[in-house]
Amino acid sequence: MLDIKILRHDAERVRKALEARGSRVDTAVFARLDEKRRALIAASEELRRERNAVSAEVAARKRRSDDAADLIERMASVNAGIRELERDLDAVQGEVDAWMLEIPNLPHESVPVGKDENDNPEVARNGKPPVFTFTPKEHWELGEGLGGLDFQRGAKLAGSRFVLYRAWAARLERALVNFFLDVHTREHGYTEILPPLLVNSKTMTGTGNLPKFAEDLFRITDWDYWLIPTAEVPLTTMYAGEILDETMLPLAFTAQTPCFRSEAGSHGKDTRGLIRMHQFTKVEMVRCVHPDRSFEELELMRGHAEDLLRRLELPYRVIVLCTGDMGFAATKTYDLEVWLPGQNCYREISSCSNCGDFQARRADLRFRPAGGGKPEYLHTLNGSGLPVGRTLAALLENGQQEDGSVRLPEALHPYMDGLTVLRRDV
RNA sequence: GGAGAGGUAGCGAAGUUGGCCGUAACGCGCUCGACUCGAAAUCGAGUUAUCGGUUAGUCCCGGUACGUGGGUUCGAAUCCCACCCUCUCCGCCA
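Residues numbered from 1 in each chain as written. Chains lettered and ligands numbered in written order. Predicted model: local features only at pLDDT ≥ 70, side-chain atom pairs only at ≥ 80, totals over all residues. Heavy atoms only, no water.

1. Looking at the pairing of strand β16 (residues 379–387)
Just so we agree on the cut-off: Per-residue accessibility, obtained with a 1.4 Å probe over protein chains only, is compared with the maximum for each type, and a residue is labelled buried under 20%, exposed over 50%, and partly exposed between these values. Working definition: helices are DSSP H or I runs of at least four residues, strands are E runs of at least two. Numbering for both runs from the N terminus. Two strands are counted as paired when DSSP detects at least two bridges linking them.
Taking burial as the measure, the nine residues of β16 include nine buried ones, the bulk of the element. Looking at chain direction, strand β10 (residues 279–289) and β16 are connected through seven bridges and run antiparallel. Residue K282 lies in a different strand from β16, and its bridge partner there is P387. The pairing of strand β13 (residues 345–354) with β16 spans three bridges and is classified as antiparallel. Residue pairing across strands places S353 opposite N382, the latter belonging to β16.

2. Description of a nonpolar patch on the surface
The condition is simple: Each patch is built from salt-bridge-free residues with over 30% relative accessible area, joining like charges within 9 Å and nonpolar side chains (Val, Leu, Ile, Met, Phe, Trp, Tyr) within 5 Å. Calculation of accessible area relied on Shrake-Rupley with a 1.4 Å probe; when residues are assessed, cover is drawn exclusively from the protein chains displayed. The salt bridge criterion pairs a side-chain nitrogen of Lys or Arg with a carboxyl oxygen of Asp or Glu, the two atoms within 4 Å.
A cluster of nonpolar residues, L198, W223 and Y225, forms a patch on the protein surface that exposes about 310 Å² of accessible area. Structurally, W223 is set in the loop between β6 (219–220) and β7 (225–227). Residue class for W223 comes out exposed when judged on its relative accessible area of 53%.

3. Here's the deal with the sheet that holds strand β14 (residues 366–368)
Strand order in the open sheet formed by three strands is β8-β14-β15, and the pairing between neighbours is mixed. The open sheet has two free edges, formed respectively by β8 (243–245) and β15 (376–377), since each of these has just one partner strand.

4. Brief notes about the layout of surface pockets
Note the cut-off: Here the term cavity refers to a set of points on a 1 Å grid, laid over the protein atoms alone, in which a 1.4 Å probe fits but cannot get out; the term pocket refers to an open set having protein on both sides within 12 Å along at least five of seven lines, with lining residues being those that place an atom within 4 Å of a point. Grid points are joined across faces, edges and corners, and a volume is the space filled by probe spheres set on the points. Only Asp, Glu, Lys and Arg are considered charged, only Ala, Val, Leu, Ile, Met, Phe, Trp, Tyr, Cys and Pro nonpolar, and every remaining residue, Gly among them, polar. The start and end points of each domain follow an automatic or database-based domain assignment.
Looking at the second largest pocket, its volume works out to about 470 Å³. The wall of the second largest pocket is formed by 23 residues, among which R13, L106, P107, H108 and T331 lie closest to the centre. The residue inventory of the lining of the second largest pocket, partitioned by class, reads twelve nonpolar, six polar and five charged. A domain split of the lining of the second largest pocket shows at least three residues from each of domain 1 (4–101) and domain 2 (117–422).

And the structure:
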């Protein structure tokens, strides 16, 4: 949610910033609603003030056993007025809220202006794509060939975009989860959380997934439960409604969870392989930080994700999402893209975003400054560190050998009981 | 699922025959000050959030908030209804 004061006093800035995102917003609508809302508040509060005063007078008379019938009679019209004004206010407030919840975050000034993913500048690159003396296969071919990925049975059990892991693949999934969590908790200073995988509407609204993106989510029939599309949702809103001590900042949480996404609107995209599933495991990083530090924290967190790719010896590049390609809640986003030899291109493997105070306002995440004083909204960041399925795909494609076996990077050997090469029989 | 108890400031807790009871008794914690060489102890003072008006900002004025949402009433922490959550016991269960 945007700061309502910015909308009031600098609507033009909002309009321009959102235009860069490719999202048009009619700030005049807001101005009109806001004005109406404030007038209704002022009017109804005036009547409430009167009611309070008269009620106090009634109480005083009753204590003296005096008659108060005239006052009570007078209150009938005051109460009718309050009822009417508040009914109107509720309606207007509802409109304002709905409007505010649909407005995306403003891009930070350092974000390049652009239209879509073709305008995302590359800012860093690491590792060299491996050179093969044969035509590299795609990961699903390797995975199926080695008996680890069973897309057919996944589809039988649940449908398309589901997969079943077997033997070394299931083991590798678990190894990656442990590896990621170990690095984050031991070296990067994150606290591991195991959150609920179902959350309510309020929680989903806090991160910005609702109300606008309901169609991207799975929900439970007859319950106010939604399946999380990422651990970002519960991790970011853990402290919703609370006022933290500044000394608690920065908070750094990591969690591995299944993630559930409807992938509505991506029919025909990445229909094969592990890239786009309805269910996938991801290790997520979330940071709740002092507003003055959030952009430094973004660099830090991006480094944490990069660290994992380096240790896995996976070639990758880093891009900044341009204004037109950013997510709803983000004010700045880096995407890490891993090299997939089978697909002969870089594919997104981590998205690290600074959401500024956008989610903090929605979820009411605040801290009290160390010197005392008014609570302030903190800033929230989230980043994948890393999605397990896509990492597994990258490992298969980058480590493949001519006979279809796959070399594992050294970092994973201890997590695989010393196994260094994936073969059909492991 | 059944029975009972409860939800009030950072924590504990008082307030239920409706009316100076909401900055909210009392205690703890925290902050500042006094005392002290320093500390403890003691004493004193301070310590909710939010919205609207006003403001450069503070102050100030007013509204709201006693789990949530409704209702009754001139007036609700207090009475009524629904729901949520926590605890205890019973049942069931990985």
